[in-house]
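Chains, contacts and geometry: an overview
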Amino acid sequence: MTISRDAVLKWLETYAAVINENFAYLTQLDSDIGDGDHGANMNRGMQAVLTALPGVADKDIGAVFKTTGMKLVSTVGGASGPLYGTLFIQMGNVTAGKMELTLADWVAAMEAGYDGVVMRGKAAPGDKTMVDALKPGLDALKSERDRGASVPEALNAAADATKRGMEATIPLVARKGRASYLGERSAGYQDPGATSSWYLIKTAAETLASQAQ
Ligand code: ADP
Ligand code: MG
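A brief structural summary. (Residues numbered from 1 in each chain as written. Chains lettered and ligands numbered in written order. Predicted model: local features only at pLDDT ≥ 70, side-chain atom pairs only at ≥ 80, totals over all residues. Heavy atoms only, no water.)

All right, on to the nonpolar core then. Among the nonpolar cores identified, the biggest contains 56 residues, and Ile3, Trp11, Phe88, Met91, Trp106, Leu155 and Leu208 are the most heavily contacted of them. Going through the elements one at a time, helix H1 (5–21), helix H3 (38–56), helix H4 (61–75), helix H5 (80–94), helix H6 (103–121), helix H7 (131–146), helix H8 (151–167) and helix H9 (192–211) are the ones with two or more residues in this core. Apart from residues no more than four positions distant in its own chain, Met91 is found in contact with Trp11, Phe65, Trp106, Ala109, Met110 and Gly113. (Core = buried A, V, L, I, M, F, W, Y, C linked by side-chain atoms within 4.5 Å. Buried < 20%, exposed > 50% of the residue type's maximum accessible area, 1.4 Å probe, protein only. Helix = DSSP H or I, 4+ residues; strand = E, 2+ residues; numbered from the N terminus. Contact = heavy atoms within 4.5 Å.)

This brings us to the packing of aromatic side chains. By the definition in use, this model includes 5 aromatic pairs. Taking the centre distance of 5.9 Å and the plane angle of 45° together, the rings of Trp11 and Phe88 count as tilted. Taken as a pair, Trp11 in helix H1 and Phe88 in helix H5 lie far apart in primary sequence, 77 residues in all. In this structure Phe88 comes out as buried when scored by relative accessible area, which is 0%. Seen from their ring centres, Phe65 and Phe88 are 6.0 Å apart, and the 45° between their planes marks the pair as tilted. In this pair, Phe65 is assigned in helix H4 and Phe88 in helix H5, connecting sequence segments 23 residues apart. Neither residue differs from the other here; Phe65 and Phe88 are each classed as buried. Put simply, the rings of Trp11, Phe65, Phe88 and Trp106 touch in pairs and so form one group of aromatic residues. (Phe/Tyr/Trp six-rings, centres within 6.5 Å; stacked < 30°, edge-to-face > 60°.)

What follows deals with the coordination of the magnesium ion (ligand 2). Looking at the magnesium ion (ligand 2), the protein donor atoms are Asp30 (OD), Asp35 (OD) and Asp37 (OD), and they sit 2.0 to 2.2 Å from it. On the primary sequence, the residues serving as donors to the magnesium ion (ligand 2) are separated as D-x4-D-x1-D. In this structure Asp30 comes out as buried when scored by relative accessible area, which is 8%. (Donors = N, O, S within 2.8 Å, 3.2 Å for Na, K, Ca; no water.)

Below, the discussion takes up the side chain of Asn41. When you line up the elements, Asn41 lands in helix H3. The exposure class assigned to Asn41 is buried, which follows from its relative accessible area of 6%. When sequence neighbours within four positions are dropped, the list of residues in contact with Asn41 reads Val76, Gly77, Gly78 and Ser80.

Okay, the site of ligand 1 next. Near ligand 1 you find 20 residues, and of these Asn41, Ala79, Ser80, Gly121 and Asp191 are the closest. A distance of 3.0 Å is found between an oxygen atom of ligand 1 and a side-chain nitrogen or oxygen belonging to Asp30. Met130 places a main-chain nitrogen or oxygen 3.0 Å from an oxygen atom of ligand 1. Placement of ligand 1 is best described as lying within the largest pocket. The set of elements that each furnish at least two residues to the shell around ligand 1 consists of H3, H5 and H9. With 3 residues, the top contributor of residues to the shell around ligand 1 is H9. Looking at the shell around ligand 1 residue by residue, the classes come out as 6 nonpolar, 8 polar and 6 charged. (Near = heavy atom within 4 Å. Polar contact = N/O pair within 3.5 Å; in protein donor to acceptor, adjacent residues only side chain to side chain. 1 Å grid on protein atoms, 1.4 Å probe; cavity = no way out; pocket = protein on both sides within 12 Å on 5 of 7 lines; lining within 4 Å. Sits in = over half its atoms within 2 Å of the grid points. Nonpolar A, V, L, I, M, F, W, Y, C, P; charged D, E, K, R; others polar.)

Below is the structure:
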């Protein structure tokens with residue numbers, strides 16, 4: 001069972017739609033502990049990605065991811081633009097030339113993307129950032145791969161773990177990004193970037209798992 005290029009395109013379209021639908025919620029989360037622009041940042045970025053996807057719809061998955069990442073870097077701004085941009089550019093490096101992905105390819109792409117986020121943002125788990133959502137998702141993917149799970153099983157396990165990671169940011173005190181300016185007062189709020197990362201992994205499970213062939 002593999003993930004096709006068309007399924008990847010569908011995932012990105014679905015993510016753009018989910019960001020658009022949850023724009024106000026992301027804005028509210030970022031108003032609580034940041035400057036209230038995370039919904040607008042991500043929506044601007046994903047709408048720009050939507051306009052760019054037709055230009056790479058017949059290219060390989062690596063090209064689709066690289067174009068996505070470059071669009072996010074150039075349009076999102078804020079802390080999250082370079083971070084999500086790096087995530088996708090690194091996913092693109094690992095999947096260059098591929099028209100479909102095995103579960104092992106998908107895990108390798110997510111690992112490269114995660115490593116890119118950490119290298120760029122220097123956040124550790126527990127710092128109350130998107131890393132706290134992405135890391136448990138990646139760990140779940142690796143253990144699912146190692147036990148020989150199917151693509152849908154692995155993606156669903158990753159989505160569940162990512163959700164738990166997102167929820168676990170609530171009590172944390174922020175040590176990176178704007179929320180860290182609040183110090184102890186950042187505790188009690190869910191991190192906006194962890195929330196947009198959960199949407200990313202949740203939509204992957206919903207679209208890629210159902211279209212895996
Ligand atoms: P800004 O903070 O510049 O306004 P956004 O509001 O778009 O940018 O994004 C804020 C999110 O970015 C945070 O909720 C957090 O998840 C993420 N973030 C901020 N700094 C870092 C970092 N150094 N490493 C990882 N994620 C970070
Ligand atoms: Mg912000």
